[in-house]
Amino acid sequence: MRWLRAARTCAIGLDWCIGAGAVRALVWNHLHGLPAGSHAPADVDFVYFDSADLSSASETELAARLRAAAPDAPWEVVNQARVHLWRRDDERVPPPIASLEAGIAAWPETATCVGVSLDGDDALRILCPHGLSDLFDLILRPGPALADPALFAQRLRAKRYAEKWPRLRLAAELELNPCPH
């Protein structure tokens, strides 16, 4: 909540959220009975959408404000409206993302495609374009934007999800054996 309050203070006028690994790790740690700080993500993804300012300088300035407001968080700041400027596939520039939710929907796993923000009354706003089932059911499934099975498998190995949270299940395994063990 402290990070959300700091983010709210720094992001006045922006459509924003904290998401990805920061949310996923908190939920999976809880569901595994681990302390909240276990398997902390390498960064706290603060994402926002501002199509009027596509400069990297605005991201840098916002990151500095966030670090000043909550220096214990390893902030990673990305304007989802400018992702198409640096995400290329063999020199093909993808089309611009249309909204914050569309940017979140393009993240690698459905359980990671979750963002949380805080309104002025401390009410949580949850963006979850693929729902929350995979996150709370401990299911690893590639997001629609990660169509390459080899890249998904490589990501799972690199992130070591199964070592950190042993109750996770792969969606492909569930399709082969839908009955719980």
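Coordinates for the structure precede this section.
Residues numbered from 1 in each chain as written. Predicted model: local features only at pLDDT ≥ 70, side-chain atom pairs only at ≥ 80, totals over all residues. Heavy atoms only, no water.

Draft legend 1. View of the overall build of the protein chain. Helix and strand content of the protein chain: eight helices and seven strands. Against the globule reference of 16 Å for 181 residues, the protein chain gives a C-alpha radius of gyration of 17 Å, in line with a compact fold. With 181 residues in all, the protein chain has 40% of them scored as buried. Across the protein chain, every contact between residues at least 6 apart in sequence was considered, and the portion connecting residues at least 24 apart equals 68%. Accessible surface, the protein chain as shown: approximately 10000 Å² in total, 57% of it carbon and sulfur. The positive charge centre, built from 19 side chains, and the negative charge centre, built from 23, are 4 Å apart in the protein chain. (Helix = DSSP H or I, 4+ residues; strand = E, 2+ residues; numbered from the N terminus. Rg over C-alpha atoms; globule rule 2.2 N^0.38 Å. Buried < 20%, exposed > 50% of the residue type's maximum accessible area, 1.4 Å probe, protein only. Contact = heavy atoms within 4.5 Å. Areas by Shrake-Rupley, 256 points an atom, 1.4 Å probe, with all protein chains shown as cover. Lys, Arg positive; Asp, Glu negative; His and termini not counted. Charge placed at Lys NZ, Arg CZ, Asp CG, Glu CD.)

Draft legend 2. Inspection of helix α3 (residues 56-69) at higher detail. Over its 14 residues, α3 extends 20 Å from the first C-alpha to the last, a length consistent with the 20 Å expected when each residue adds 1.5 Å. Regarding α3, the residues found buried are S58, E59, L62, A63 and L66. Within α3, the buried residues cover an arc of 135 degrees as seen down the axis, which keeps them to one side. In α3, those exposed residues whose orientation departs by more than 90 degrees from the buried face are A57, T60 and A68. (Expected span 1.5 Å × (residues − 1). Arc of directions from axis to C-beta.)

Draft legend 3. Here's a closer look at the pairing of strand β4 (residues 115-118). On β4, burial covers both faces: G115 and S117 on one face and V116 and L118 on the other are all buried. Of the pairings in the sheet, the one linking strand β1 (residues 15-19) to β4 comprises two bridges and is antiparallel in character. Residue I18 lies in a different strand from β4, and its bridge partner there is V116. Sheet analysis places β4 next to strand β5 (residues 124-127), joined by four bridges and oriented antiparallel. Directly across from G115, in β5, lies its bridge partner L127. Between β4 and β5, which pair antiparallel one after the other, the connecting turn spans five residues, and D122 there sits at a positive phi close to 65 degrees. (Pairing = 2+ DSSP bridges.)

Draft legend 4. Molecular detail of unusual backbone geometry. The backbone of H39 sits at a positive phi, close to 50 degrees, despite the residue not being glycine. The topology assignment puts H39 in the loop between α2 (21-31) and β2 (44-49). The class for H39 is partly exposed, based on a relative accessible area of 33%. With a phi close to 60 degrees, L138 is a non-glycine residue in the positive phi region.

Draft legend 5. Representation of the nonpolar core in the model. Core analysis: the biggest nonpolar cluster contains 35 residues, and W16, I18, W28, F46, L66 and W75 have the highest contact counts within it. Of all the secondary-structure elements, those providing two or more residues to this core are α1 (2-10), β1, α2, β2, α3, β3 (75-79), β4 and α6 (149-159). The contacts of W28, once residues within four sequence positions are left out, are A111, L135, L138, L140, Y161, W165 and L168. (Core = buried A, V, L, I, M, F, W, Y, C linked by side-chain atoms within 4.5 Å.)

Draft legend 6. Main features of the pattern of salt bridges. In this structure the tally under the stated criterion is nine salt bridges. One salt bridge connects D72 with R2, and the closest N-O pair in it is separated by 2.5 Å. With a gap of 70 residues between them, D72 in the loop between α3 and β3 and R2 in helix α1 connect regions that are remote in the sequence. A single network of salt bridges, built from pairs that share partners, joins R5, R8 and D122. (Salt bridge = Lys/Arg side-chain N within 4 Å of Asp/Glu carboxyl O.)

Draft legend 7. Structural view of the packing of aromatic side chains. Evaluation of the coordinates by the stated rule reveals seven aromatic pairs. Judged by centre distance (5.6 Å) and plane angle (15 degrees), the rings of W16 and F46 are stacked. Here the residue W16 occupies a position in strand β1, and F46 occupies one in strand β2, the gap between them amounting to 30 residues. The exposure class assigned to F46 is buried, which follows from its relative accessible area of 0%. With centroids separated by 6.1 Å and ring planes inclined at 45 degrees, the aromatic side chains of F46 and Y48 adopt a geometry described as tilted. Joined through ring pairs, the aromatic side chains of W3, W16, F46, Y48 and W75 make up one cluster. (Phe/Tyr/Trp six-rings, centres within 6.5 Å; stacked < 30°, edge-to-face > 60°.)

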